[in-house]
Amino acid sequence: MMAAEATERRHIISVLVENQFGVLARIASLFTGKGFNIDSLTVAETLDPGLSRMTVVTHGNVAVIEQTCKQLNKLVDVVRVTDLTDEPHVEREMVLIKVNAESSHRGEIIQIVEVFRSRVVDVAPRTLTVEMTGDEGKITALVNMLRPYGVVDVVRTGKVAIGRGNHAVVRESAGDSVAAG
Amino acid sequence: MKLKGCDILIEALKKQGVETIFGYSGGAALHIFDALYKFNDAHKEDGIQFVMTRQEAGATHAADGYARVTGKAGVVLVTSGPGATNCVTGIATAQMDSIPMVVITGQVPSNLIGNDAFQETDFVGVTRPIVKHSYLVHHVEDLARVVREAFHIAETGRPGPVLIDFPKDVQIAETEWEWPETVDIRGYKPKLDGHRRQVRRAADLIMQAQRPLVYGGGGIVLGDASPEFREFVWKTQIPTTVTLMGLGALPETDPLALKMPGMHGSRAANYAFQDCDLIIAVGSRFDDRVTGKLEKFAPNAKIIHIDIDPSAISKNVHVDIPIVGHVKRVLPMLTEMVDKTDVDAWRHQCAMWKERYPFRFEPKTDVIKPQQVIEEIWDITRGDAILATDVGQHQMWAGQHYQHIEPRRWLTSGGLGTMGYGMPAALGAQLAAPDDLVVCISGDGSIMMNIQELATLATEKLNVKTVILNNNWLGMVRQWQELLYEERYSASDLHDNPDFARIADAFGVKGMRISHPDELRPALDEAFAHDGPVVMDVMVDEMENVYPMVPAGAALDEMVGGLA
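Residues numbered from 1 in each chain as written. Chains lettered and ligands numbered in written order. Predicted model: local features only at pLDDT ≥ 70, side-chain atom pairs only at ≥ 80, totals over all residues.

> Summarise the overall build of chain A; cite the residues concerned and give the values.
Within chain A one finds six helices and nine strands. Classification of the 181 residues of chain A by burial places 30% in the buried group. Partitioning the contacts of chain A with sequence separation of at least 6, the portion at a separation of at least 24 is 76%. (Helix = DSSP H or I, 4+ residues; strand = E, 2+ residues; numbered from the N terminus. Buried ≥ 20, exposed ≤ 12 C-beta atoms within 10 Å, placed from the backbone. Contact = placed C-beta atoms within 7 Å.)

Here it is, written out as structure tokens:
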């Protein structure tokens, strides 16, 4: 195996699944059973109410990611697997941050919030809750900026992603690409 | 016509062509058993046979044996809770060996699910990692489609077990009975035809190779592709090794056949792996028991891999030319593109290894050698018997010393290694092939794990001949302890074994005990001629080991033993 192939990389995989009982458990069970990593996982219904879209962020070397995609494809409830990592795509994550905001710091915090184009969604006597959508780097930067004031709680959604351009699915699933050689 | 769920299930099984069901009754399945009774009462000539095993594990292994012989899904019907959990080992066995099976479990009523109700288990949850797919039937309207899909999924692609968990209230809910004639599952479309350009590349590589080796596996048997496999091997004249799961794909009497590879495989097959420059893998999966230490496996070989399951390709070894497709469709395409290979020196080399290193043992005049029992059975049957085995030394000797001639006549738990598999699997095989001689090769450890099925053999009057190679040890464990643990025989001594012949007698099965080499052949002749099941307790040389052997972590050509 080439050195590049052995290197672990972060991958973002979009999985179209049947929207029915037990699908999430099947996918989660596959990842634990095969020893694959899940860094984040989101799931929600698509335009077709019979289908759900899962976005899985995972990491591993080329062989592990190939196996992950193949094993996902093997599940009967999985309709399509797309590894978006090397395709043009947009990825976003939402975060809610509850930060200590005594009146002396409140102005500074709101300035930071504005610079990051995030917004305040809840105000309480001692805290502010901030909502932001962005990529991982931007979210981490905001959390780091707010940390000195005392971050009480952070809730992140995990990533969602979509291919850029016209096509809905950027490339065929991994299993098919092996078949096509 | 409106029918209850339990009646729809039986009608659907009939539509599906099911002739035999294996199982065990119980509370949450009573509606279904009642529906089966009424169905058979109304269909005296063409009902569905129900075989009641004496424990649910026996039912799953029997259905597995039935499936391996017929190629059709074996069907299991049991109740919820313990009835279901007793099936776990049988389901896992089928999953590991890709055996088509449909397991129907009764479930507590929908409103009690999750309440820790009596005999409740989340069986869909329990079996999730060991099934190909599973269903919990929430609505009776889905039932016919679920049955149709379950068989389709179990029997196509890479086969495997499918679970239908069926709550008691849904069993008596009514709906219109309608059989779906077609199946369309958007997430399940097995790819059957190999990519033509890939097959062409494979053909070119085969014709350029100096030392090619065909490595066939269980996929050939499961895909009913032995004729196509033989045609390919015979046209190209490439030396061929077939795995434990694929035995019978190529007759082992063929000059090109190198016998099985791997941990207890032949030196010829293992040397060929290490020396070849091209491996043509057909329906095999580079299992660790075949490859030995992966880093040292086949160091000079390029690899062509034909398999219906994309996830089997490049899982353990890097594959140069993957071909995803059904072996029965890919092989003829490939055969057409190749000719006889021009590799006389290599063929000669393989033939030399084969001649020089056969599986061997030294017969004794005062004690029976276990290998001798297998060779006598071969001599009597000439490959015409269906052989089922348990797991351990006897399994390896049966793999080594019998000449496997035809597919679907060798039933062994290769993947999971399930002790207790053999006798119930033989039972299922005998029901599938009532006129054939079915022999179960077992050990004194394994036989005890499902010995209750002797009662089923007696009740169903099945002619299975069970031959126990009795060394009063868990032999394979003892062998490893002798070789790797300085003879510390921890939890492997079975010298307090019961008298198996008398146990058989008590079940109404003919029991025999054989201790001397001179008795062996006449006793086998007598047992095979007997009209009824037989248990032969054959006392064999206690300390005999299985050789050759590739020690764990060693390369295939670092095997020990088995030399003259």
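> Just give me the short version of the overall build of chain B, but keep the residues and values in it.
Scanning chain B from N- to C-terminus turns up 22 helices and 19 strands. Whereas a compact globule of 564 residues would reach a radius of gyration of roughly 24 Å, chain B reaches 24 Å, a difference of no more than 12%. With the principal axes as the frame, chain B shows a C-alpha extent of 70 × 60 × 45 Å. Put simply, chain B has 564 residues, and 56% of those count as buried. (Rg over C-alpha atoms; globule rule 2.2 N^0.38 Å.)

> Provide a residue-level description of the interface of chain B and chain A, including the pertinent values.
With 22 residues of chain B at the contact, the number on the chain A side is 22 residues. For the side of chain B that touches chain A, the secondary-structure elements that each account for two or more residues are β6 (133-136), α9 (196-208) and β13 (321-324) of chain B. When grouped by side-chain class, the residues that make up the side of chain B that touches chain A number 10 nonpolar, seven polar and five charged. (Nonpolar A, V, L, I, M, F, W, Y, C, P; charged D, E, K, R; others polar.)

> Describe in detail the domain arrangement of chain A, supporting the description with residues and values.
Residues and elements named next belong to chain A. Per the domain assignment, the segments making up chain A are domain 1 (3-88 + 164-180) and domain 2 (90-160). When each unit is reduced to the centre of its C-alpha atoms, the spacing between domain 1 and domain 2 is 30 Å. Between domain 1 and domain 2, the residue contacts involve seven residues of the former and six residues of the latter. Sorting the residues of the side of domain 1 that touches domain 2 by element identifies β2 (40-45) and β3 (51-60) as the ones contributing at least two each. Tallying contributions element by element places β2 first for the side of domain 1 that touches domain 2, with three residues. A class-by-class count of the residues in the side of domain 1 that touches domain 2 yields three nonpolar, three polar and one charged. (Domains from an automatic or database assignment.)

> Give a detailed account of helix α5 (residues 88-96) of chain B, specifying residues and quantitative values.
All names here are of chain B. Within α5, seven of the nine residues are buried, leaving the element largely enclosed by the surrounding structure. Of all the positions in α5, only Thr89, Gly90, Ile91, Ala92, Thr93, Ala94 and Gln95 are classed as buried. Considering only its buried residues, α5 is in contact with α3 (56-70), β5 (101-107), α6 (123-127) and β7 (161-167). Positive phi appears at Ser98, one or two residues downstream of α5, with a value of about 55°.

> Please provide a residue-by-residue account of the pairing of strand β2 (residues 20-23) of chain B, values included.
It is a general feature of regular strands that their side chains alternate between the two faces of the sheet. Residues and elements named next belong to chain B. Here β2 pairs with strand β3 (residues 49-52) via four bridges, running parallel. Across the sheet, Phe22 pairs through a bridge with Val51, a residue of β3. Sheet analysis places β2 next to strand β4 (residues 74-78), joined by two bridges and oriented parallel. Its bridge partner lying in β4, Gly23 is registered against Leu77. (Pairing = 2+ DSSP bridges.)

> Describe the sheet that holds strand β9 (residues 212-216) of chain B, naming the residues involved and giving the relevant values.
Residue and element names in this part refer to chain B. Strand order across the open sheet formed by five strands is β10-β9-β11-β12-β13, with parallel pairing between neighbours. At either end of the open sheet lies a strand with only one pairing partner, and these are β10 (240-242) and β13. In this sheet, adjacent strand axes meet at a mean angle of 15° when their direction is disregarded. As paired strands, strand β11 (residues 278-282) and strand β12 (residues 302-307) are joined by five bridges and run parallel to one another. Considered in β12, the bridge of Leu278 is made with Lys302. Contacts between α9 and the sheet are confined to β9, β11, β12 and β13, with β13 contributing the most and set at about 135° to the helix. (Axes fitted to C-alpha atoms, helices over the stretch in contact; angles between N-to-C directions.)

> Please provide a residue-by-residue account of helix α20 (residues 475-484) of chain B, values included.
Residue and element names in this part refer to chain B. Among all positions of α20, only Gly475, Met476, Arg478 and Gln479 are buried. One face of α20 carries all of its buried residues, which in axial projection span an arc of 160°. Residues of α20 that are buried make contact with α17 (393-401) and β16 (438-443). Looking at the residues trailing α20, positive phi occurs at Glu486, about 50°. (Arc of directions from axis to C-beta.)

> Hey, could you go over the sheet that holds strand β15 (residues 410-411) of chain B for me, with residue numbers and the actual values?
Residues and elements named next belong to chain B. Strand order in the open sheet formed by six strands is β15-β14-β16-β17-β19-β18, with parallel pairing between adjacent strands. For this open sheet the edge positions go to β15 and β18 (510-514), each flanked by a neighbour on one side alone. Bridge analysis of strand β14 (residues 386-389) against β16 gives four bridges, and the strand direction is parallel. The partner of Ala388 across the bridge, within β16, is Cys440.

> For the domain arrangement of chain B, give the residues involved together with the corresponding values.
Residues and elements named next belong to chain B. For chain B, the domain assignment lists domain 1 (2-176), domain 2 (196-356) and domain 3 (370-539). Between the C-alpha centres of domain 1 and domain 3 the distance comes to 29 Å. Listed per partner, the contact involves 24 residues of domain 1 and 26 residues of domain 3. Every element with two or more residues in the side of domain 1 that touches domain 3 is listed here: β2, α3 and α5. Sorting elements by how many residues they give to the side of domain 1 that touches domain 3 places α3 first, with 11 residues. Residue composition of the side of domain 1 that touches domain 3, by class: nine nonpolar, 11 polar and four charged.

> Could you give an account of unusual backbone geometry, naming the residues involved and the relevant values?
Residue and element names in this part refer to chain B. Backbone torsion omega between Tyr547 and Pro548 reads -5°, so that peptide bond is classified as cis. Following the sequence through the fold, Pro548 ends up in the segment after β19 (534-539). Phi angles above zero are rare outside glycine, and Arg382 is one such case at about 55°. By secondary structure assignment, the location of Arg382 is in the loop between α16 (370-381) and β14.

> For the packing of α3(B) against α5(B), give the residues involved together with the corresponding values.
Any two packed helices are characterised by how steeply their axes cross, that is the angle between the axes, and by the distance between the axes. Residue and element names in this part refer to chain B. At a minimum axis separation of 7 Å, α3 and α5 run at an interaxial angle of 25°. Between α3 and α5, the angle falls in the class roughly parallel. Across the interface between the two elements, Ala57, Thr60, His61 and Asp64 from α3 touch Thr89, Gly90, Ile91, Thr93 and Ala94 from α5. (Parallel < 35°, antiparallel > 145°, perpendicular 65-115°, else oblique.)

> Run through the confidence of the model for chain B, naming residues and quoting values.
Keep in mind that low pLDDT regions are not for reading the predicted coordinates in detail. Per-residue pLDDT for chain B averages 97, and the proportion of residues at 70 or more is 100%. As a predicted assembly, this complex carries a pTM of 0.95 together with an ipTM value of 0.92. (pLDDT = per-residue confidence, 0-100.)

> Tell me about the pairing of β19(B), and please be specific about residues and values.
Of all the six residues making up β19(B), five are buried; the element is thus mostly covered by neighbouring parts of the structure. One crossover worth recording links β18(B) to the parallel β19(B) by way of helix α22 (residues 517-529) of chain B, and it is right-handed. (Right-handed = clockwise from strand over helix to strand, strands pointing away.)

> I'd like a description of the environment of Ala455(B), backed by residues and values.
All names here are of chain B. In this structure, Ala455 sits in helix α19 (residues 454-460). In sequence terms Ala455 and Ala506 are 51 residues apart; their C-alpha atoms lie 9.4 Å from each other. With residues near it in sequence (within four places) discarded, Ala455 still touches Arg54 and Phe507.

> Tell me about the environment of Ser29(A), residues and numbers included.
Summarising the element assignment, Ser29(A) is placed in helix α2 (residues 23-34). Overall, the presence of 15 C-beta atoms within 10 Å leaves Ser29(A) in the partly exposed class. Distance in space between the C-alpha atoms of Ser29(A) and Leu146(A) is 36 Å, their sequence separation being 117 residues. The residues touching Ser29(A), leaving out its near neighbours within four places in the chain, are Arg128(B) and Pro129(B).

> How would you sum up the nonpolar core? Please name residues and give values.
In this structure, Val76(B) and Val102(B) are the most contacted members of the largest nonpolar core, which totals 197 residues. The element that contributes the greatest number of residues to this core is helix α7 (residues 143-155) of chain B, accounting for eight residues. Not counting residues within four places of it along the chain, the set of residues in contact with Val102(B) comprises Ala73(B), Val75(B), Ala150(B), Phe151(B), Ala154(B), Val162(B) and Ile164(B). Formed by 11 residues, the second largest nonpolar core is a distinct cluster that contains Ile97(A), Val99(A), Val113(A) and Met132(A). (Core = buried A, V, L, I, M, F, W, Y, C linked by C-beta atoms within 7 Å.)

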